[in-house]
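Now for the letters of each chain:
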Amino acid sequence: LMTQALTPPACEKASAISAFKTTCKVVLYESAQRAYKKATGWKDFTAVCATNIDNIIDVDDWKLVYNEKKDTCFVLGNNTEDADIVIPATVSYEGNTMAVTKVLPFAFFNSEFVKTVVMDDIEVINANAFYGCANILSITLGEQLTDVEETAFKNCKKVIRIISKNATAPVCGKNAINDINKDKCKVLIPADAAEAYKAD
């Protein structure tokens, strides 16, 4: 659900939209987020992504948000039901080649079809980016990744393999990977990075 209204549409009862609160992602302007978090009905939504919705575009299978310079963009979602997701390093739009550097909050919210995801050029995975990807099995992280924000992989309990190509362990926010079963998940890292990962 995308809303351009800076003031939340009035809901006389929370139940008016409550049927969607755990399954629907709300995309709105950053400046409107505080108002929606206080509004009847709207405040109950699990997934809220605040971004510049004027800059949302569809390129190939991707829903993206570009920056003002049109040289960088962020992943807002995927328009397919592919089990194997490979986030591109760059995309072309209106003559501009833009680097894809970030996965936005709730980008893959409750995407039960995703089984593998490859993010070779992503630098930041925002909070709750893969929230509810209950069937994801394998995650590949690239050398550029520096931050995995809080609860990025919430409810991703089936993960059995994480490949991290970065010799420096990415910084993980609170509960970023807590839902991943540490006893069943194999972590593959560069050969000389073992001590760094063990210490982090």
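Details of the structure are given in the entry above.
What you see is a predicted model, and the numbers here were worked out from it, not measured in a lab. Throughout, residues of each chain are indexed from 1 in the direction in which the sequence is written. Reporting of local features is limited, given that this is a predicted model, to residues whose pLDDT is at least 70; pairs of side-chain atoms are given and counted only at 80 or more, and all residues count toward the totals for whole chains, interfaces and linings. In computing side-chain properties, one takes all heavy atoms of the structure into account and sets aside hydrogens as well as water.

With that out of the way, let us pick up the sheet that holds strand β15 (residues 186-188). Here five strands make up an open sheet; going across it, the order is β6-β9-β11-β13-β15 and the pairing parallel. Of all strands in the sheet, those with a lone pairing partner are β6 (84-86) and β15, marking the two edges. Each adjacent strand pair in this sheet contributes to an overall mean axis angle of 10°, direction not counted. Here β6 pairs with strand β9 (residues 116-119) via three bridges, running parallel. Following the sheet pairing, Ile-85 is matched in β9 by Val-117. Strands are labelled as partners when DSSP assigns at least two bridges between them. Every helix listed is a DSSP run of H or I at least four residues long, and every strand listed is a run of E at least two residues long, numbered separately from the N terminus. Axis definition: a line fit to C-alpha positions, over the contact stretch in the case of helices; interaxial angles, taken between N-to-C directions, run 0 to 180 degrees.

Glancing now at the packing of aromatic side chains. The aromatic pairing rule takes the rings of Phe, Tyr and Trp, using the six-membered ring of Trp, and pairs them if the centres are within 6.5 Å, calling planes under 30 degrees apart stacked, those over 60 edge-to-face and the rest tilted. Counted under the stated rule, the structure contains nine aromatic pairs. Taken together, a centroid distance of 5.8 Å and an interplanar angle of 20° make the contact between Trp-42 and Phe-45 stacked. Relative accessibility thresholds used throughout: buried, under 20% of the residue-type maximum; exposed, over 50%; partly exposed, between the two (1.4 Å probe, protein chains only). Overall, Trp-42 belongs to the buried group, its relative accessible area being 10%. Ring centres 5.6 Å apart and planes at 45° place the aromatic pair Phe-109 and Tyr-131 in the tilted group. Here Tyr-131 lies in the loop between β10 (124-125) and β11 (138-141) and Phe-109 lies in the loop between β8 (96-103) and β9, a separation of 22 residues in the sequence. Like Phe-109, the residue Tyr-131 is buried in the burial classification. In textbook terms, an aromatic cluster arises when at least three aromatic residues are bridged by ring pairs, as seen for Trp-62, Phe-108, Phe-130 and Phe-153. Ring-over charges, as used throughout, are those where CZ of Arg or NZ of Lys falls within 6 Å of the ring centre and within 35 degrees of the ring normal. A cation sits over an aromatic face here: Lys-102 above Phe-74, 4.6 Å from the ring centre.

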